[in-house]
Amino acid sequence: EWQVAEFGGFSYRWDRYHPLLGWTNEPGYESGADIPFTVTINSQGLRATHDFSPSPAPGVHRIALFGDSLAFGEEVDDGETIADHLTAFRPDWEVLNYGVHGYGFGQSVLLLEEEGGLLDPDDYVVMVLFPEDLVRDHAAEFVHPKPVFRQVHGSLVVENTPVPEASRTPRLFRLSYAAAWLFGRRGSWHREASDWDSELVLGRAVAAHAAEVVAGRDRSLTIVVLLAPAGVLRYLSEPEWRSRFDARRAEFLDQPVDMLDLVPTQIEAYREERAALFAPLAHWSSRGNQIWAAEIARHLDGR
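All residue numbers here refer to positions counted from 1 along the written sequence of the relevant chain. Totals for whole chains, interfaces and linings use all residues, but because this is a predicted model, local features are given only for residues with pLDDT of at least 70 and pairs of side-chain atoms are given and counted only at 80 or more. Side-chain numbers come from the whole structure's heavy atoms, not from hydrogens or water.

### Details of the packing of helix 8 (residues 229-237) against helix 10 (residues 263-273)
Only the stretch in contact is used when fitting a helix axis, every axis being a line fitted to C-alpha atoms; angles between N-to-C directions are given from 0 to 180 degrees. In this text, helices come from DSSP runs of H or I with a minimum length of four residues, and strands from runs of E with a minimum of two, each type numbered from the N-terminal end. Running from N to C, helix 8 and helix 10 cross one another at 85°; their axes reach a closest spacing of 10 Å. Here helix 10 runs roughly perpendicular to helix 8, going by the angle between their axes. Here helix 8 contributes Val-232, Leu-233, Tyr-235 and Leu-236 to the contact with helix 10, which in turn contributes Gln-266, Ile-267, Tyr-270 and Arg-271. Across the contact of helix 8 with helix 10, the residue classes break down as six nonpolar, one polar and one charged. Here the angle decides the label: under 35 degrees means roughly parallel, over 145 means roughly antiparallel, 65 to 115 means roughly perpendicular, and every other value means oblique. Here, two residues are considered to be in contact whenever any of their heavy atoms come within 4.5 Å of each other. We call Asp, Glu, Lys and Arg charged. Ala, Val, Leu, Ile, Met, Phe, Trp, Tyr, Cys and Pro are nonpolar, and the rest, Gly among them, are polar.

### Here we look at the sheet that holds strand 13 (residues 258-261)
Spatially, five strands are ordered 6-5-7-12-13 in an open sheet, and the strand pairing comes out parallel. The two strands at the open ends of the sheet, each matched to only one other strand, are strand 6 (93-97) and strand 13. In this sheet, neighbouring strand axes are inclined to one another by 25° on average, regardless of whether the strands run parallel or antiparallel. If DSSP finds at least two bridges between two strands, the strands pair. Two strands pair when backbone bridges link them, and strand 5 (residues 61-66) and strand 6 are joined in this way by five bridges, in the parallel orientation. Residue Ile-63 lies in a different strand from strand 6, and its bridge partner there is Val-95. Against the sheet, helix 7 (residues 196-216) touches strand 7 (123-129) and strand 12 (220-226), its axis set at about 150° to strand 12.

### Section: the pairing of strand 3 (residues 15-18)
One ladder, built from four bridges, connects strand 3 with strand 4 (residues 22-25); its direction is antiparallel. Across the sheet, the residue bridging to Arg-16 is Thr-24, located in strand 4. The turn linking strand 3 back onto strand 4 is made up of three residues.

### Let's talk about the nonpolar core
Core analysis: the largest hydrophobic core is formed by 71 residues, its most contacted members being Phe-105, Ile-223 and Phe-252. Per element, the largest residue contribution to this core is eight residues, and it comes from helix 7. With near-sequence residues (within four places) excluded, Phe-252 lies in contact with Phe-105, Phe-130, Leu-134, Leu-200, Gly-203, Arg-204, Ile-223, Val-225 and Met-259. Formed by ten residues, the second largest nonpolar core is a distinct cluster that contains Phe-10, Trp-14, Ile-35 and Phe-72. Put simply, buried Ala, Val, Leu, Ile, Met, Phe, Trp, Tyr and Cys residues joined by side-chain atoms within 4.5 Å make one nonpolar core. Relative accessibility under 20% of the residue-type maximum defines a buried residue, over 50% an exposed one, and the middle range a partly exposed one, all with a 1.4 Å probe and only protein chains included.

### Structural notes on helix 2 (residues 82-89)
Within the span of helix 2, buried status applies to Ile-82, Ala-83, His-85 and Leu-86. The arc that holds every buried residue of helix 2, seen down its axis, measures 165°, which confines them to one face. Note: the arc covers the axis-to-C-beta directions of the helix.

### Section: the environment of Val-143
Topologically, Val-143 is positioned in the loop between strand 8 (141-142) and strand 9 (144-145). Residues Val-143 and Tyr-103 lie 40 residues apart in sequence; the distance between their C-alpha atoms is 8.7 Å. Leaving out residues up to four positions away in the same chain, Val-143 has contacts with Ala-5, Asp-15, Trp-23, His-101 and Gly-102.

### Observations concerning the environment of Pro-145
Within the element layout of this structure, Pro-145 appears in strand 9. In the structure, Pro-145 is positioned 142 residues away from Gln-3 in sequence and 9.6 Å away in space, judged by C-alpha atoms. Ignoring sequence-local partners within four residues, the contact set of Pro-145 consists of Gly-22, Trp-23, Ala-140, Val-163, Pro-164, Glu-165, Ala-166 and Ser-167.

### Here's the deal with the packing of helix 8 against helix 9 (residues 239-253)
Here helix 8 crosses helix 9 at 115°, and the two axes come no closer than 6 Å. On the basis of their axis angle, the class for helix 8 and helix 9 is roughly perpendicular. Together, Gly-231, Arg-234, Tyr-235, Leu-236 and Ser-237 of helix 8 and Pro-239, Trp-241, Arg-242, Phe-245, Asp-246 and Arg-249 of helix 9 make up the contact between the two elements. Classifying every residue of the contact of helix 8 with helix 9 gives five nonpolar, two polar and four charged.

### With respect to the layout of surface pockets
Counted as a void, the second largest pocket has a volume near 180 Å³. If you go around the second largest pocket, you meet 14 residues; those closest to its centre are Arg-47, Ala-48, Thr-49, His-50 and Asp-84. Each residue belonging to the lining of the second largest pocket can be placed in one class, and the counts come to four nonpolar, six polar and four charged. The definitions used throughout rest on a 1 Å grid laid over the protein atoms alone, on which a cavity is an enclosed set of points accommodating a 1.4 Å probe that cannot get out and a pocket is an open set flanked by protein within 12 Å on both sides along at least five of seven lines; lining residues are those having an atom within 4 Å of a point. Grid points are joined across faces, edges and corners, and a volume is the space filled by probe spheres set on the points.

### A word on the packing of aromatic side chains
Any pair of Phe, Tyr and Trp rings, taking the six-membered ring for Trp, is counted once the centres come within 6.5 Å. Such a pair is stacked with planes under 30 degrees apart, edge-to-face with planes over 60 apart, and tilted for the rest. Inspection of every chain in the model, using the stated rule, returns 17 aromatic pairs. Note on Trp-14 and Tyr-29: the rings are 5.7 Å apart at their centroids and 55° apart in plane angle, and the pair reads as tilted. With Trp-14 in the loop between strand 2 (10-11) and strand 3 and Tyr-29 in the loop between strand 4 and strand 5, this pair connects stretches of sequence that are 15 residues apart. Residues Trp-14 and Tyr-29 agree in their burial class; the two are buried. Grouped by ring-pair contacts, the aromatic residues Phe-10, Tyr-12, Trp-14, Tyr-29, Phe-37 and Phe-72 constitute a single cluster. Working rule: Lys NZ or Arg CZ, within 6 Å of ring centre, within 35 degrees of ring normal, means a charge sits over the ring. One cation-aromatic arrangement involves Arg-47 over Phe-72; the distance from NZ or CZ to the ring centre is 4.8 Å. A cation over an aromatic ring shows up here: Arg-242 above the ring of Tyr-235, its NZ or CZ 5.7 Å from the ring centre.

Below, the structure written as structure tokens:
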């Protein structure tokens with residue numbers, strides 16, 4: 001049975017089952033009073049209030065943006081996502097928002113591979129919530145059942161496809177995060193730092209595959225590493241965790257791929273603006289998205 005995902009008192013009614021990706025955005029979805037922010041999904045499955053032409057117009061630079069809920073713009077209205085702020089900074093840019101809530105790094109790259117060339121972008125940007133998006137790649141379920149990414153004899157493989165529609169997680173654990181935590185299901189949601197080594201190896205393999213796919217299209221790729229609000233607070237309050245995080249992040253960034261490390265910008269912005277950057281639950285506010293978009297724009301301009 002396909003389960004409607006829920007978080008913070010609202011339901012993700014724009015999810016659609018997908019046999020390879022696990023789930024994607026439901027084309028044509030328009031939110032109502034059921035969620036506290038406006039969401040519009042166009043007929044192409046992108047978060048946008050309009051459809052896009054098959055190729056960009058003359059003089060328009062088209063960017064395809066991939067990632068999880070932070071790229072999608074969860075908890076902010078249409079017009080307040082990173083993609084929207086990028087186009088506000090640069091009217092000659094057209095940014096396609098391929099973000100999907102709950103995605104791991106592997107799912108984002110798989111979507112890039114399967115559908116990211118259909119609208120002929122000039123550049124690809126993949127946002128990676130670190131380390132959470134790497135943790136999700138090992139799991140057979142996060143939000144919904146999903147593909148599993150592994151390395152077999154040095155090659156990246158995708159398992160658990162076609163993705164089962166029915167959840168393997170007991171119903172009580174799907175409905176109650178507290179029950180999942182208390183009764184030993186925590187490993188399916190979060191891994192401790194001791195597992196970061198294997199997740200880092202897989203994450204580097206996924207990044208290399210993304211670079212290979214994009215190079216085959218004769219386009220450029222930028223991978224953006226960032227934290228969620230809870231990650232910023234943990235970074236500032238837990239020195240031991242910060243030390244491990246910085247070491248793993250440095251290893252992930254040290255790849256032959258164009259990388260943008262947003263973490264220093266996020267830490268500095270939080271020190272200056274504090275809660276103004278936070279949405280009510282677990283995501284960034286429109287102001288936060290605006291700051292991150294400005295840094296992404298500067299990076300892309302300076303390549």
